Amino acid sequence: MGLAKAYIMTGRPELAFLPLSRAYAAHPKDPHVDLLLGVTNDETGHYGVAQRWYRGGLKISPGNPNLTIDLALSQ
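Residues numbered from 1 in each chain as written. Predicted model: local features only at pLDDT ≥ 70, side-chain atom pairs only at ≥ 80, totals over all residues. Heavy atoms only, no water.

1. A few points about the overall build of the protein
For step 1, the next point in the chain: Secondary structure assignment for the protein yields 5 helices and 0 strands.
For step 2, the next point in the chain: Helices and strands appear in the protein in the N-to-C order α-α-α-α-α.
For step 3, the next point in the chain: Computed over its C-alpha atoms, the radius of gyration of the protein comes to 11 Å, within 12% of the 11 Å expected for a compact globule of 75 residues.
For step 4, the next point in the chain: Within the protein, the proportion of its 75 residues that are buried is 36%.
For step 5, the next point in the chain: Pairs at least 24 residues apart make up 43% of the contacts formed inside the protein by residues separated by at least 6 positions.
For step 6, the next point in the chain: Only carbon and sulfur atoms are counted for the fraction: they give 59% of the accessible area of the protein, which is about 4,500 Å².
For step 7, the next point in the chain: Counting 7 positive and 6 negative side-chain charges, the protein places the centres of these two groups 7 Å from one another. (Helix = DSSP H or I, 4+ residues; strand = E, 2+ residues; numbered from the N terminus. Rg over C-alpha atoms; globule rule 2.2 N^0.38 Å. Buried < 20%, exposed > 50% of the residue type's maximum accessible area, 1.4 Å probe, protein only. Contact = heavy atoms within 4.5 Å. Areas by Shrake-Rupley, 256 points an atom, 1.4 Å probe, with all protein chains shown as cover. Lys, Arg positive; Asp, Glu negative; His and termini not counted. Charge placed at Lys NZ, Arg CZ, Asp CG, Glu CD.)

Below, the structure is given as C-alpha cells:
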C-alpha cells in the first residue's frame, strides 16, 4: 500500500493499480484499500469505478469520513 500511495502522491496513479490489486487480494475487507482504489480511479478519470470503490468501503466501514468525503468530491 505504501508503494501505491507513493505513486498517487507523485502524480503517477496509473502505476498504483498493480500494488493495490495485490493489497486487495490480501485484504479484501480493508476499507483503506477501497479508499486508495477509489482515489486511484478518480485520479485516472474513472469516476464511476471510483465511486463504486468508495461505496464498497462504506459498506465495510459505515460513516468513514475519508470515504464519505472522497465519494462526495468524486466527479
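Moving on from the model shown.
2. Things to note about the nonpolar core
For step 1, the next point in the chain: By size, the foremost hydrophobic cluster in this structure holds 14 residues, and its most contacted members are Ile8, Ala16, Leu20, Leu35, Val39, Tyr54 and Leu67.
For step 2, the next point in the chain: Among the elements of the structure, helix H1 (2–9), helix H2 (17–26), helix H3 (31–43) and helix H4 (47–60) are those that each provide at least two residues to this core.
For step 3, the next point in the chain: With near-sequence residues (within four places) excluded, Ile8 lies in contact with Pro13, Ala16, Leu36, Val39 and Thr40. (Core = buried A, V, L, I, M, F, W, Y, C linked by side-chain atoms within 4.5 Å.)

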